[in-house]
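Secondary and tertiary structure notes
Spelled out, the chains give:
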Amino acid sequence: MKKLYLRTFGCQMNEYDSARIADLLADAEGVVLTERPEEADIILFNTCSVREKAQERVFHDLGRVRLLKKNKPELIIGVGGCVASQEGEAIVARAPYVDVVFGPQTLHRLPELIAAKRASGKAQVDIRFPEIEKFDHLPPPRVEGVSAFVSIMEGCGKYCTYCVVPYTRGEEISRPFEDVLVEVADLADQGVQEITLLGQNVNAYRGKRGGKKGDSAETADLAELLGYLAEVPGIERLRYTTSHPCEMSARLIEAYGKVPKLVSQLHLPVQSGSDRILAAMKRGYTALEYKSIVRRLRAVRPQLSLTSDFIVGFPGETEADFDATLKLVQDVKFDGAFNFIYSSRPGTPAAELDEQVPRAIQQRRFEALQTLLDAQYREYSETMVGSTQRVLVTGPALKDPKELQARTDNNRVVNFAGDEALIGRYIDVTITAALPHSLRGRQVMA
Ligand code: SAH
Ligand code: SF4
Ligand code: F3S
């Protein structure tokens, strides 16, 4: 049995792509996944370049697998994802033992690229953004368990001044509406109950209707898609990530009132609370506009848990700008967030700005914001005590295998006493206590 070692960095889009790569190569090359690079016949890195640490990892990891090729010359080493997309031929120039370089939009061509490398002995690089969608060339997804991801759009056209994603993944392209419905119905037939729709700006979804060949210009938006997906038999829970505040349309906000299967959890990155910095980032909204979106969402779904992303130390960020971020966090009250120190990315407009913030100041602001976010996370757990939550039972509890572990809509772990037969099912639990890293609960008997 031939083996594939596949290492994934970065966002859920990359995780999704990696799952598809594994399916594709299982069909084309007959490989099964392995955790051990030394026993692999194909080694692939699906990379991320959103921050510098992520990017450095690639060459570090490549250096380590290079030695394996000395003993196994037929070993295929490949680099995909966002670093591949940005660096292309430069990867082969720097690491000549790399056999294939492929981008997020050309991963469906991997079997051909590997075959071409074997036939010619020459490294193959394909990082184009072809017109035809990769999804048309991928096998239908295989699933395990009750939860699945469905990528519904690719790329990003927002061009925030700090971000590489529009350059690595190309412009926004949505999958056709009917294709998504068919994929979700197929997953539901395989027992999937929870769907997470994926895209860098998933709420900018505009799927063509009437199939691929339909020449009608009519499109469906995310609100409409969610409405349809909620009707697919077997689907219990709908999520989507990541959303851009500018695409939080009135229709999408209303969906929180109309579609109960839409979970009470939303990841809505704000990045900063300072209007000056938001403008310099080209985010397209002010702090007040962000807060107004949150207010409207909470008006239709009061229990909505909100998470976010922050960048501290963006070029030109003053103490007053940073205070505005702290104030926004205090005003909005988040249930959790990813907090990042600004990382200058070559080729982005922000990298050209003069007033880079000194590292020590970035670090201090990062810690101050993190302390506040951690406190809000704990407060949110406290507010859940006494409430009844719909949870997915994921397996035996880690600490006490006689108990069960489940996940809430807002990704908290709940431990409770219950029958093993509940594993893989959605049930209601009442939250009885909030601990630092988990919750305790009691099953609600019907
Ligand atoms: N499309 C999503 C997420 C993009 S990447 C959005 O716009 O919200 C995920 C997060 O990485 C971003 O939200 C941002 O907080 C962070 N990020 C992106 N580029 C960065 C950079 N150059 N430095 C630090 N953080 C960055
Ligand atoms: Fe990057 Fe902005 Fe696009 Fe998000 S919206 S992926 S931060 S350019
Ligand atoms: Fe990273 Fe590319 Fe995702 S840069 S965050 S893997 S889109």
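Structural data are supplied above this passage.
What this report covers is the structure whose coordinates are included nearby. (Residues numbered from 1 in each chain as written. Chains lettered and ligands numbered in written order. Predicted model: local features only at pLDDT ≥ 70, side-chain atom pairs only at ≥ 80, totals over all residues. Heavy atoms only, no water.)

Relative to the helices and strands, Arg237 is located in strand E13 (residues 237–241). As for Arg237 and Leu44, which are separated by 193 residues in sequence, their C-alpha atoms are 33 Å apart. When neighbours within four sequence positions are excluded, Arg237 is seen to be in contact with Gln193, Glu194, Ile195, Lys261, Val263, Arg390, Asp409 and Tyr426. A polar atom in the side chain of Arg237 sits 3.0 Å from the side chain of Asp409. (Helix = DSSP H or I, 4+ residues; strand = E, 2+ residues; numbered from the N terminus. Contact = heavy atoms within 4.5 Å. Polar contact = N/O pair within 3.5 Å; in protein donor to acceptor, adjacent residues only side chain to side chain.)

Counted according to the given criterion, the structure contains 8 aromatic pairs. For the ring pair Tyr162 and Phe314, a centre distance of 6.3 Å and an interplane angle of 85 degrees mean the geometry is edge-to-face. Taken as a pair, Tyr162 in the loop between strand E8 (153–154) and helix H6 (165–169) and Phe314 in the loop between strand E15 (305–312) and helix H12 (319–332) lie far apart in primary sequence, 152 residues in all. There is no split in this pair, since Tyr162 and Phe314 are both buried. Their ring planes at 40 degrees and their centres at 6.4 Å tell us that Tyr290 and Phe334 sit as a pair that is tilted. (Phe/Tyr/Trp six-rings, centres within 6.5 Å; stacked < 30°, edge-to-face > 60°. Buried < 20%, exposed > 50% of the residue type's maximum accessible area, 1.4 Å probe, protein only.)

Attention now moves to the side chain of Lys69. On the secondary structure map, Lys69 appears in helix H2 (residues 52–71). Discounting chain neighbours no more than four positions away, the residues touching Lys69 are Leu75, Ile77, Tyr97 and Asp99.

Turning our eyes to something else, we now look at empty space enclosed by the protein. All told, the structure shown has 2 cavities of 30 Å³ or more when counted by the stated rule. Of the voids in this model, the second largest cavity is the one considered here, and its volume is about 40 Å³. For the second largest cavity, the full set of lining residues is Glu194, Arg237, Arg239, Arg390, Val391, Leu392, Arg407, Thr408, Asp409 and Tyr426. Those elements that provide at least two residues to the lining of the second largest cavity are E13 and strand E17 (388–396). Of the residues forming the lining of the second largest cavity, the biggest block, 3 residues, is contributed by E17. (1 Å grid on protein atoms, 1.4 Å probe; cavity = no way out; pocket = protein on both sides within 12 Å on 5 of 7 lines; lining within 4 Å. Points joined across faces, edges and corners; volume = space filled by probe spheres on them.)

Take the environment of Thr383 next. Along the polypeptide, Thr383 turns up in helix H13 (residues 359–384). When its relative accessible area of 57% is taken as the criterion, Thr383 is described as exposed. As for Thr383 and Ala433, which are separated by 50 residues in sequence, their C-alpha atoms are 10.0 Å apart. In terms of polar contacts, Thr383 uses its side chain to reach the backbone carbonyl oxygen of Tyr380, at 2.6 Å.

Moving on, we get to the packing of H12 against H13. It is at 10 Å that the axes of H12 and H13 come closest, and there the two elements cross at 10 degrees. Here H12 is positioned roughly parallel relative to H13, judged by the angle of their axes. Contact residues: Glu319, Phe322, Thr325, Leu326, Val329 and Gln330 in H12; Arg364, Arg365, Ala368, Leu369, Leu372, Leu373 and Gln376 in H13. Taken together, the residues of the contact of H12 with H13 break down into 7 nonpolar, 3 polar and 3 charged. (Axes fitted to C-alpha atoms, helices over the stretch in contact; angles between N-to-C directions. Parallel < 35°, antiparallel > 145°, perpendicular 65-115°, else oblique. Nonpolar A, V, L, I, M, F, W, Y, C, P; charged D, E, K, R; others polar.)

With that settled, the discussion passes to the layout of surface pockets. Of the volumes computed, that of the second largest pocket is approximately 640 Å³. Every element with two or more residues in the lining of the second largest pocket is listed here: strand E1 (2–8), helix H1 (12–29) and strand E7 (147–151). When residues of the lining of the second largest pocket are assigned to their parent elements, the largest contribution, 7 residues, is made by H1.

Bringing the side chain of Ser381 into the picture now. Turning to its location among the elements, Ser381 is positioned in helix H13. The exposure class assigned to Ser381 is buried, which follows from its relative accessible area of 3%. When neighbours within four sequence positions are excluded, Ser381 is seen to be in contact with Arg412, Ala434 and Leu439.

Strands sit in the order E14-E15-E16 across an open sheet of 3 strands; the sheet is parallel. Of all the strands in the sheet, just strand E14 (265–267) and strand E16 (336–341) have a single pairing partner and so form its edges. If you compare each strand with its neighbour and ignore which way they point, the axes differ by 10 degrees on average. Across the sheet, H13 lies against E15 and E16, angled at about 175 degrees from E16, the strand it touches most. (Pairing = 2+ DSSP bridges.)

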